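Commentary on secondary and tertiary structure
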Amino acid sequence: LARFGDSFAVDRRLLPHELRASEAWAEALETAAVLKTAERAAIVSGLRWIGSQAASDAAFVGGPFADVHTFVESRLTERLGPRARRRHAGRSRNDQVATDLRLWARAETADLRSLLLLLRRAIVDLARRHGDAPMPGYTHLQRAQPVLFGHFLLAHDARFARDGGRLADAAARADACPLGSGALAGCAFPIDREG
């Protein structure tokens, strides 16, 4: 059952976002006077150390961890001792997971939109070079009438343009910060969720 519930093999890709969200939360806790400046600085330094180690050694991001959150908790505790747990004050696991996934979705949609733009440029370039060539047009899987290859390609470009809009919409919808929402009824600390 433990192996079935473990997600580290999949969610390790969330590590940069987990570290970023944890840094932001440590700063919010300092602003709310829950953490002292030195505590926040130690936590942020430890989180950045984890990021640096992960970037330089792929094997560092491994081990018998249930998920990326327990990985970060374990590595940070190795580095800082019990004070590493202070970064969890006022934050639920739900906040953490929702934030990491939103940050990941925003980054992935940005990458997909860049790739989609390259594809659209290639399609338009092909339409410019070979657009006057005739080809059969199809409707209901049957030949209907002759069309130009350029028109056929530009129809696909228009479809991909709509997909780009859908990705932009998804990124905009993901651009909200759940940190501080809590598992049920918010956070007891005076956290500025908008700042």
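What counts and how
Residues numbered from 1 in each chain as written. Predicted model: local features only at pLDDT ≥ 70, side-chain atom pairs only at ≥ 80, totals over all residues. Heavy atoms only, no water. Helix = DSSP H or I, 4+ residues; strand = E, 2+ residues; numbered from the N terminus. Buried < 20%, exposed > 50% of the residue type's maximum accessible area, 1.4 Å probe, protein only. Salt bridge = Lys/Arg side-chain N within 4 Å of Asp/Glu carboxyl O.

A closer look at unusual backbone geometry
Phi at His140 is positive, roughly 50°, even though this residue is not glycine. Of note, His140 is situated in the loop between strand 1 (134-139) and strand 2 (142-148). Its identity as a non-glycine residue notwithstanding, Leu141 has a phi of 65°, on the positive side. With respect to the secondary-structure elements, Leu141 resides in the loop between strand 1 and strand 2. Given the relative accessible area of 82%, Leu141 is considered exposed.

Focus on the pattern of salt bridges
In total, this model carries 13 salt bridges according to the counting rule given. Measuring nitrogen to oxygen at the nearest pair gives 3.0 Å for the salt bridge that ties Arg48 to Glu23. With Arg48 in helix 4 (residues 37-56) and Glu23 in helix 3 (residues 15-31), this residue pair connects regions lying 25 residues apart in the sequence. When its relative accessible area of 52% is taken as the criterion, Arg48 is described as exposed. In this structure, Arg129 and Asp125 form a salt bridge, with 3.1 Å as the shortest nitrogen-oxygen distance. Residue Arg129 and its partner Asp125 are located together in helix 6 (residues 93-130), separated by four residues, close to a single helical turn. Given a relative accessible area of 53%, Arg129 falls into the exposed group. If you follow the salt bridges from partner to partner, you end up with Glu18, Glu73, Arg85 and Arg87 in one network.

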